[in-house]
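Chain by chain, the residues:
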Amino acid sequence: MSDPRSGSPVTSTYIGRYRVLGEIGRGGMGVVFRARDERLDRDVALKSPLADGAASEDVQRVVREARAASRVSHPHIVTIYEVLEVDGRPWIAMELVEGETVRDALRLKGRLPLEDAIRMVEDIAEALDAAHERGVLHRDVNPHNIMMSPRGGARLMDFGLARMVEPDTTQVSTKTVGSESQVVGTVGYMAPEQILGRGASTASDVFALGAVAFEAITGARAFSGQSTGDVFDATLHREPPPIAKFVADAPTEIDRIVHKALAKRADERYQSARELAADVRAVRRRLESDEHLPITPPARRIPWKAAAAALAVAVAVAAVRLNRDTPPSALNSPRQLTSMSGWEAEPALSPDGSLVAYASNQSGNADIWLLDVVGGQSLRLTDDRADDRAPAWFPDGTSLAFVSDRSGVTGIWRTARLGGSATLVLPDAVDPAIAPDARRIAFARRDASGFFRIWVAPLDDPPTARMLTTTVAGLWDHRQPAWSPDGALVVYAAARDLWIVPSGGGTARRLTAADATDLNPVWSRDGRFIFFSSNREGTFTLWRVPRDGGTAVRMTGGHGPERHASISALGTQVVYSTFEDNADLFLRQLDTGAEVRLGGERIERSPVFAPDRQSMAFVSDRWGGRYDIWLQPLEARRPAGEPHRVTNHPGSVAQPAFSPDGRWIAYHRVLDGQRDIWIAPVDGAAASQFTTSPASDIHPDWSPDGQEIVFVSDRSGADEIRLAPVREGRPGGEGRAIPGGGLLIDAPTWSPDSATIAFVGQAGDERDAYLVDAAGGRPPRRLTTGAGAWRVAWNRATGQLWASGFWGGRVLSLRILDTGSGAMTTPEPPVILSADPASSDFDLAWDGRHVAFARYEPRGDLWIYQLPRGQSW
């Protein structure tokens, strides 16, 4: 063996009174030997830094480990016997634990047996609880630092990165050695706050144990990647997949526990390791007492009498334990229904719960399809070159309503249950919802303002439709109506919140008001609750709120974006889609068409170039739940390093715009339904509010001299263009208004010569490019007619006006507009964006050689929750 002090071969050696018997293992931080304590006649483990003359930090680490671990005495923490120094080198004598580390076990077995993994997590959670009670943070819980004994039980080791905390707190004490802003820990197990250098807390140890638990149970890393940066990005921005994806018979309670431990925000995790241990212990006891019945048990042959008996027990247990208020996430895992190419979305369960109608583009364009809830081959119900979407069942299950633009005007159509010829029900209408009495239909249609409102019409006399909602009943568009079971109320989604209105007419009331997007509402079977999809915890999951208002409760674990929930008439089945439009940024060289993609798994949109061409700002939800402005350094029009966040305040932001000197970014912030203009310094200092009107102020841009900001406001009761002086990022005096001529106005932008302001105006369904004199005095002048324009931007190098639009087709692309005649020219090579209007934002580099834009790529599948007997939504 090697001499532990010098590395030279020897036959035997002593460290103090300990006779070294052989090396157990070594790593980057130190080496561990087996040794004999001849005074007490027992074997121990001896640990020390790897080399003679160890660095002071290594010495401190050894001493720190001994000091931290010695503060805690617990059956699941390796006991420290003694710290000694031999020839200037520190050693720790500690309890020798026979067995293997979790890491070694995973290498050999792929994953741990479920019961062993759960027992290990319980043991280590108890160990962490004891350490936290004594004021010790471990900060490096990972599979290498957990020893599993063949006699049962797990032990937590290696407190070398531990820090002391004050009792009864979770914050790192000022007595600690070293800087808490330093990133410490093991990649893949560090909590987000550790990665960001914000210091550790007891919740950080909980997160690390959650990552170990996920890996031990599934055999897969919770957060993985090809580089440290990839792993950090996954830890900060992505959710691990459901455990059931790897272990079909894993209790759903374990999936919930592990994902709660892995919450991105520390305040959303278990607030103590003791709570985590208690939940894991409850699962273990149910497993040991055979009370847990897996949703998808392993296939095996059993006598039918035994099967019937087991089923009877399962039903009895469910009847005793479950009630209708238990969240489905605690009951089972969803089952995937579709996995075809393209996307599947907008499911609608038939009244008897046997079929699901949905929209999909698997045939090349959107059509309505039908699928049995048990799976199998889908049936295509509509076959038209037009897009058919948003299916809704009639209460008797004999036919379906859907939305189509097959007549040239978007309307609601009807077809038989198994397809056939379609008939027009309502022109100029979307989002059909058939009343429970099958006599009325609720839908969305634009009013004179150009925004969608909720309407109701008798099915036997559709032209007598009556508008239920007005401007005061929710911001901007009103969409996605859903009837209460008794037909008395209609719930719908406004810009970000849910509202309820009497179906016979009356005052609407706001139901939700979170700083998030709430959409796709549906009623519970008994009408007591409304279920909906919301991104208020970083990704779209299903939530529930009482019909009379109150606190919303998350109902599902979030196995992907959960949208478009449909509940069967009995409330025992919930189908949803994982539909999302993931947006990535692209930089395109205009003369060659060469593109560079920037982006990850989160939405990134609204790119704008900095005047110095050294960076680009964009909006992203990469921190989950809300949108912030990020700044991406550029070198030769390519990403140069990682982006950093510019804004960090409550609410979401949109439409960033650089000042001409590149020092400031203006944008609008959305918080509790209020929209105001804000300005943030590019250097990361605190942002300041620019407008404070109770009206909606949006879409800012700077004058070429940087002395004014132009934006859209409805403070006069209609959209208008407002111009306000700005001085050093703050208001500089009274502003002035340019009337919008009754148009809905989007994204005004100042011409390079300061003379005109271009914008997109909407009148009814038509969206066109407009110009207005910056000095005011004359009404806006329309440049295009029926163009389907969405955004405009100036080429600052040439003075040309560019626009994104559909131009009579189905895909967004860019055109160059003649500001005199309105004639359009297609750039060569053409610039194609996407089929999604959300891709309309773009910007031209200040030298006119590149364009940046967001391209949305829709994707999604259908999933189903099958609730146990006795349980319903």
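Calculation rules
Residues numbered from 1 in each chain as written. Predicted model: local features only at pLDDT ≥ 70, side-chain atom pairs only at ≥ 80, totals over all residues. Heavy atoms only, no water. Helix = DSSP H or I, 4+ residues; strand = E, 2+ residues; numbered from the N terminus. Buried < 20%, exposed > 50% of the residue type's maximum accessible area, 1.4 Å probe, protein only. Contact = heavy atoms within 4.5 Å. Salt bridge = Lys/Arg side-chain N within 4 Å of Asp/Glu carboxyl O. Expected span 1.5 Å × (residues − 1). Arc of directions from axis to C-beta. Core = buried A, V, L, I, M, F, W, Y, C linked by side-chain atoms within 4.5 Å. Pairing = 2+ DSSP bridges.

Undergrad: How should I be thinking about the environment of Arg638 in this particular structure?
TA: Turning to its location among the elements, Arg638 is positioned in strand β40 (residues 638–639). Judged by its relative accessible area of 49%, Arg638 is partly exposed. On a C-alpha basis, the gap between Arg638 and Gln614 in space is 9.6 Å, while along the polypeptide they are 24 residues apart. For Arg638, the contacting residues outside a window of four places in its chain are Val596 and Pro633.

Undergrad: Quick question: what am I supposed to make of the pattern of salt bridges here?
TA: Side chains carrying opposite charge are able to pair once their charged atoms draw close together. By the definition in use, this model includes 48 salt bridges. The shortest N-O distance in the salt bridge between Arg286 and Glu253 comes to 3.4 Å. Here Glu253 lies in helix α7 (residues 252–261) and Arg286 lies in helix α8 (residues 273–288), a separation of 33 residues in the sequence. On the basis of relative accessibility, which here comes to 16%, the residue Glu253 falls in the buried class. In this structure, Arg380 engages Asp383 in a salt bridge whose closest nitrogen and oxygen atoms are separated by 2.9 Å. Sharing partners across several salt bridges, the network here consists of Glu122, Glu126, Arg281 and Arg284.

Undergrad: What is the right way to read helix α6 (residues 228–237) from this model?
TA: Along an α-helix, residues three or four apart share an orientation, since each turn contains 3.6 residues. Of all the positions in α6, only Val231, Phe232, Ala234, Thr235, Leu236 and His237 are classed as buried. Tucked inside the fold, the buried residues of α6 contact α4 (192–195) and α5 (202–218).

Undergrad: Help me understand α8, please; the structure alone is not making it clear to me.
TA: An ideal rise of 1.5 Å per residue puts 22 Å on 16 residues; α8 measures up with 22 Å between its terminal C-alpha atoms. Three or more residues of α8 are buried, namely Ala273, Leu276, Ala277, Val280, Val283, Arg284 and Leu287. Seen from one end, α8 has its buried residues packed into an arc of 130°, which puts them on one side. Buried residues along α8 sit in contact with α3 (114–133), α5 and α7.

Undergrad: Help me understand the nonpolar core in this model?
TA: One broad rule of soluble globular proteins: the nonpolar side chains tend to lie buried together. With 55 residues, the main nonpolar core has Met120 and Ile146 as its most contacted residues. Contributing elements (two or more residues each) for this core: α2 (102–109), α3, β9 (146–148), β10 (154–156), α5, α6, α7 and α8. What Ile146 contacts, discounting residues up to four positions off in sequence, is Glu100, Thr101, Val102, Met120, Ile124, Val141, Ala154, Arg155, Leu156, Met157 and Val212. One finds Ala610, Leu634, Val682 and Ala845 within the second-largest nonpolar core, a separate group that totals 30 residues.

Undergrad: Where do I start with the sheet that holds strand β14 (residues 355–360) in this structure?
TA: Where strands meet in a sheet, backbone hydrogen bonds hold them as pairs that are either parallel or antiparallel. Ordered by their spatial adjacency, 4 strands build an open sheet running β13-β14-β15-β16, and the pairing between neighbours is antiparallel. At either end of the open sheet lies a strand with only one pairing partner, and these are β13 (344–349) and β16 (379–380). Inspection of the sheet shows β14 paired to strand β15 (residues 367–372) by 6 bridges, in the antiparallel sense. Residue pairing across strands places Tyr358 opposite Trp369, the latter belonging to β15.

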